[in-house]
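For reference, the chains in residue letters:
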Amino acid sequence: MFLRQVWTIAAKDLHSELRTKEAWNASIAFTIVILLLFSFAFDPSSEQIREFSGGLLWMTYAFAGALVLNRSFARELQNDCLDALIASPVSSAALFTGKAFANFALLFAVEAVSLPVFVLFYNVPLGPAQFGPMLLVMVLGTWALTVIGTLFSALTVNLRLRELMLPTLVYPMMIPALISAMTITTNVLASNPAGFGLRFLVGFDIIFTMLALVFVDTVLVG
Amino acid sequence: MNALEIDGVWKYYGDFPALRDVGLGIAPGSALALLGRNGAGKTTLLRIIAGLSRPSRGTIRTQGSIGALGHGIGVYDELTAVENLTLFGRLHGLPDPRKRAEEMLVRVGLGRVRDGLAREFSRGMRQRLAVGRAFLHDPEVLLLDEPFTALDDRAIAVLQSMIQEMRDKGRTIVMSTHQLREALELASHVALLQRGQIVHAGERTQQMLDDTGWLYRTYGDN
Amino acid sequence: MREKIIIGLAAFSGALLAWNMNTIFTALPDELNQGAIYRIIYFHVPANILGMLGFGLGMLLSIGYLVTKDLRYDALAASVTEVSLVFASIGLATGSIWARIIWGVWWAWDYRLTSWLVCWLIFGGYLMLRRAIDEPNQRARFAAVISVLGSVNAYISYMSIKWWTTQHPQPVLTIRDGGGMAPGMEAPIYWNLLALACFSAILVMVRTRQEAIANEIDTLRRMAHAQ
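Residues numbered from 1 in each chain as written. Chains lettered and ligands numbered in written order. Predicted model: local features only at pLDDT ≥ 70, side-chain atom pairs only at ≥ 80, totals over all residues.

K.L.:
Help me understand the domain arrangement of chain B, please; the structure alone is not making it clear to me.
P.N.:
It is common to report an interface's size as the accessible area lost on association of the parts. All names here are of chain B. When the domains of chain B are assigned, the result is domain 1 (1-64 + 140-201 + 210-222) and domain 2 (74-138). If you average the C-alpha positions of domain 1 and of domain 2, the two centres end up 25 Å apart. Counting from both sides, the interface comprises seven residues of domain 1 and, opposite them, eight residues of domain 2. Considered class by class, the residues forming the side of domain 1 that touches domain 2 number five nonpolar, no polar and two charged. (Domains from an automatic or database assignment. Contact = placed C-beta atoms within 7 Å. Nonpolar A, V, L, I, M, F, W, Y, C, P; charged D, E, K, R; others polar.)

K.L.:
What exactly am I supposed to notice about the interface of chain A and chain B here?
P.N.:
With 20 residues of chain A at the contact, the number on the chain B side is 23 residues. Sorting elements by how many residues they give to the side of chain A that touches chain B places helix α1 (residues 2-20) of chain A first, with six residues. Taken together, the residues of the side of chain A that touches chain B break down into eight nonpolar, eight polar and four charged. (Helix = DSSP H or I, 4+ residues; strand = E, 2+ residues; numbered from the N terminus.)

K.L.:
Teacher, can you tell me more about the pairing of strand β9 (residues 197-203) of chain B here?
P.N.:
Put simply, side chains in a regular strand alternate between the two faces of the sheet. Of the pairings in the sheet, the one linking strand β8 (residues 189-194) of chain B to β9(B) comprises six bridges and is antiparallel in character. Bridging across to β9(B), B:L192 finds its partner in B:H200. (Pairing = 2+ DSSP bridges.)

K.L.:
Help me out: how do you make sense of the packing of helix α6 (residues 128-156) of chain A against helix α7 (residues 162-189) of chain A in this one?
P.N.:
Relative orientation and spacing of two packed helices are given, respectively, by the angle between their axes and the distance between those axes. Residues and elements named next belong to chain A. One way to put it is that α6 packs onto α7 with a least axis distance of 9 Å and a crossing angle of 170°. Relative to α7, α6 is oriented roughly antiparallel. Among the residues forming the contact of α6 with α7, the class breakdown is 18 nonpolar, six polar and one charged. (Axes fitted to C-alpha atoms, helices over the stretch in contact; angles between N-to-C directions. Parallel < 35°, antiparallel > 145°, perpendicular 65-115°, else oblique.)

K.L.:
Help me out: how do you make sense of the environment of B:A157 in this one?
P.N.:
Residue and element names in this part refer to chain B. Within the fold, A157 resides in helix α5 (residues 153-168). Take A157: there are 13 C-beta atoms within 10 Å of it, and that puts it in the partly exposed class. Separated by 49 residues in the primary sequence, A157 and V108 have C-alpha atoms spaced 9.6 Å apart. (Buried ≥ 20, exposed ≤ 12 C-beta atoms within 10 Å, placed from the backbone.)

K.L.:
Would you mind going over the nonpolar core with me for this structure?
P.N.:
Nonpolar side chains tend toward joint burial in soluble globular proteins. Ranked by size, the top nonpolar core spans 187 residues in total, and within it A:A144, A:I148, A:M174 and B:L143 carry the most contacts. Examining the composition of this core, we find that 15 residues originate from one element, α7(A), more than from any other. Inspection of this core shows a minimum of three residues originating in each of domain 1 (1-64 + 140-201 + 210-222) and domain 2 (74-138) of chain B. Not counting chain neighbours up to four residues away, the residues in contact with B:L143 comprise B:L46, B:I49, B:A50, B:I66, B:A68 and B:V174. (Core = buried A, V, L, I, M, F, W, Y, C linked by C-beta atoms within 7 Å.)

K.L.:
Teacher, can you tell me more about the environment of C:G124 here?
P.N.:
Relative to the helices and strands, C:G124 is located in helix α4 (residues 111-132). C-alpha of C:G124 to C-alpha of C:E82: the two residues are 42 residues apart in sequence and 8.4 Å apart in space.

K.L.:
Honestly, the interface of chain B and chain C in this entry has me stumped. Any pointers?
P.N.:
With nine residues of chain B in contact, the opposing surface of chain C contributes 11 residues. Considered class by class, the residues forming the side of chain B that touches chain C number three nonpolar, three polar and three charged.

K.L.:
Honestly, the packing of α6(A) against helix α8 (residues 196-220) of chain A in this entry has me stumped. Any pointers?
P.N.:
Residues and elements named next belong to chain A. α8 packs onto α6 with a crossing angle of 15° between their chain directions and a minimal axis gap of 9 Å. Considered as vectors, α6 and α8 are oriented roughly parallel to each other. Helix-helix and strand crossings are classified by hand; for α6 and α8 the assignment is left-handed. The segment α6 lies against α8, with L140, G141, W143, A144, V147, I148, L151, A154 and L155 engaging L201, V202, F204, D205, F208, T209, A212, F215, V216, V219 and L220. (Left-handed = near helix turned anticlockwise from the far one by under 90°.)

K.L.:
For this particular structure, what's the right way to read the sheet that holds strand β6 (residues 141-145) of chain B?
P.N.:
Strands pair in a sheet through their backbones, by hydrogen bonds, and they do so in one of two ways: parallel or antiparallel. All names here are of chain B. One open sheet holds the six strands; their spatial order is β5-β6-β7-β3-β8-β9, and the pairing between them is mixed. The open sheet has two free edges, formed respectively by β5 (66-69) and β9, since each of these has just one partner strand. Averaged over all pairs of adjacent strands, the angle between strand axes in this sheet comes to 15°, irrespective of strand direction. As paired strands, β6 and strand β7 (residues 172-176) are joined by five bridges and run parallel to one another. From the neighbouring strand, D145 faces β7, where its bridge partner is S176.

K.L.:
Would you take a moment to explain the sheet that holds strand β1 (residues 4-13) of chain B for this structure?
P.N.:
All names here are of chain B. Across the sheet, which stays open at both edges, the three strands sit in the order β2-β1-β4 with antiparallel pairing between neighbours. At either margin of the open sheet sits one strand with a lone partner, and together these are β2 (16-26) and β4 (57-62). For this sheet the average axis-to-axis angle between neighbouring strands, irrespective of direction, equals 20°. Bridge analysis of β1 against β2 gives seven bridges, and the strand direction is antiparallel. By the bridge assignment for β2, Y12 is matched with P17.

This is the structure:
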C-alpha cells in the first residue's frame with residue numbers, strides 16, 4: 001500500500017510536470033546558459049579546467065535543482081490540494097517519498113541532458129571507463145540534493161517568505177554533499193580514485209533520508 | 001460504538017486556547033450541525049478531525065474512512081476531471097479507481113466533460129468536482145466545512161442530494177455552517193461552539209427549526 | 001533570586017577572565033613557532049567548543065520540545081542556539097585573524113573551516129526562520145527540525161579534522177588525544193572555557209526570559225483579537 005501510494009504520488013507529480021513543463025524548461029534553460037556563460041569566462045583548453053570542472057558542474061546542478069525543488073510542494077498550494085492530500089489515507093512519509101522520487105527523476109533528467117553540454121564545452125575527458133563512477137556520483141549527489149530540497153520545500157510551503165527562506169535554509173544544508181560530489185567528480189574525471197568523499201556521501205544520504213522521513217510528518221501536520 | 005469520538009481536545013496557538021476541552025460523541029448515522037460564529041473554532045476542530053492538524057491535548061477516534069470538503073477545492077488544475085478523481089481513487093486504495101471516477105463524474109453532472117482540464121471548468125463545475133472528490137471513496141464519516149458557501153445552484157443541488165444519499169445509507173455527517181436553515185433541516189443533532197468551547201450539544205429540536213436564532217440567543221453573545 | 005544568580009555568575013566569570021588574562025599576557029612566554037599571536041587560541045578554542053556544545057545542547061532541547069510540546073524547551077533551545085551562534089562567530093573571526101597572520105590568508109576552504117561556516121549559516125538560518133513564523137508552536141516545531149539537521153553538520157565539523165586532511169591544525173588538547181602543548185599553556189584554555197561558559201549561562205537566562213515574555217504578549221494579542 002505504501003509503495004503504491006508512493007508510486008501514485010510520484011506519477012502524479014511527473015505527469016503534472018510533463019503537462020506544464022514549467023520547472024523543466026526553467027531548469028534546463030538555466031543550466032545550459034550558466035554552463036555556456038562560464039565556458040566563455042574560462043579558457044576550456046587549459047589544464048586548470050580539470051580542477052574545477054567538478055565544482056562548476058555541481059554548482060550548476062544545485063542552482064537548477066532549486067528551481068525544481070521549490071515547486072515540489074508549492075504546486076500543491078493552488079486549490080488547497082495539499083490539504084486534500086494530507087487528509088487522504090496517504091501518510092506523510094509516502095507523500096514525501098513519492099515527491100522525492102519525482103524530484104529525483106526530474107533533476108537527474110536535467111543533469112543528464114546538460115552533461116553532454118558540459119563535456120563538449122569544457123573538453124572534459126569523459127570516457128567509457130568513467131561512465132560508471134560518474135553515474136554513481138550523480139545518483140548519490142542528486143539524491144542528497146533531492147532529500148534536503150523536498151523536506152525543506154515541505155517546511156517552507158506555508159511560510160510567508162517562502163521564496164526567500166527556501167534557498168537560505170537549503171543551500172547551507174546541501175554544502176557538505178555538494179563538496180563531496182564535487183571532489184568525487186573531479187577525481188573521476190581525472191581518473192583518480194574517488195576517495196573518502198564517496199563513503200561520506202553515502203553516509204550523508206542515509207542519515208538525511210532517515211531524518212527527513214522522521215520529520216516530514218511533524219513538518220506537514222505537527 | 002460512536003462513529004466519531006472527540007475526547008478532551010484542546011488546541012493552543014502559543015498559549016492561546018482556540019479549542020478548550022472539546023468533547024463530542026457522534027453516533028453512526030447521525031448528522032451533526034456544528035454551529036458558531038466566526039472564530040469560534042469550527043474550522044479548527046474540523047481540520048483536527050480530518051487529520052490536517054494535531055490537537056495540543058486530547059484524542060480523536062473515528063470508525064471508518066473520512067471524506068472532507070473544506071474551503072479549498074482540492075483538485076489539480078493541470079489534470080483532467082477523470083484524472084483527478086482517478087488519482088484520489090488510487091490514493092484511497094479503491095479496487096477500480098478509473099471506473100469509480102467515471103461513475104462519480106456522471107453522478108455530479110460532469111460526465112460529458114470528463115476529459116476536460118480542471119483549469120478550464122467554470123467555478124460551479126470545479127465545485128462539483130470537489131464534491132465528487134470528497135464522496136469518491138464512499139466514506140463512513142463526512143466532514144463538511146461550510147459547504148454551501150459560494151456554491152452555485154446546480155452545485156448546491158448536487159451536494160444536497162449526495163448528502164441525502166449518505167444519510168439514507170446510514171453514514172455520519174459533521175457539517176459546520178452559517179446557513180442555519182439548510183443545516184438545521186438536514187441535521188439530527190446540533191452542537192454550538194463558542195470561543196473554543198462546546199456550550200450546547202444535543203438533538204435538533206423542532207424549536208430550533210421554528211426559531212433559528214433561539215440557540216444563539218439562549219447561549220448569549222459573550 | 002534570578003538576578004542574584006546572574007550577578008553572581010557575572011562577578012565570577014569576570015574575575016576568572018581577568019585572572020586568566022593576566023596569566024596569558026604576563027606569565028606565559030610566546031610560542032616557539034607562532035610568536036605572540038598564538039594567544040588567540042585562548043579565545044578561539046573555548047568559543048568554538050562552546051559553540052559546538054551549544055548547538056548539540058540546542059538539538060537535545062529541541063528534541064525535548066518535540067516530545068513534550070512544552071514551549072519552555074523551545075525557549076531554552078532558541079536561547080542556547082543563539083548564544084552558540086555568537087560564540088561560533090567569535091570562533092570564526094578569531095580563526096580568521098590567526099590565519100591571516102600565520103597562513104597569510106583570511107580564509108581557506110578546508111573541511112574544518114567550511115563545515116563550521118556551514119553550521120554558522122544553518123543556525124543563522126534557524127534564527128531567520130524563527131523571525132518568519134508568528135505562531136509559537138509552529139515556530140518551535142520548525143526550529144526544532146532545523147536544529148536537529150544542523151547538529152549533524154556540527155558533528156561533521158567536529159570530526160572533519162579526523163576524516164580529511166585539513167589545513168586546520170590537528171587536535172592539541174590532551175582531552176582529545178592531542179599532540180599536547182607546553183606545560184602551563186593548556187590550563188588557561190580550560191579556565192577561559194569556564195569563564196565564557198558562565199557568561200553564556202547569563203546570556204541564555206536573559207534570552208530565555210525574553211522569549212517567555214514575547215510568548216506572553218503573543219497570547220494576550222490573540223486573546224484581544226478573539227471575540
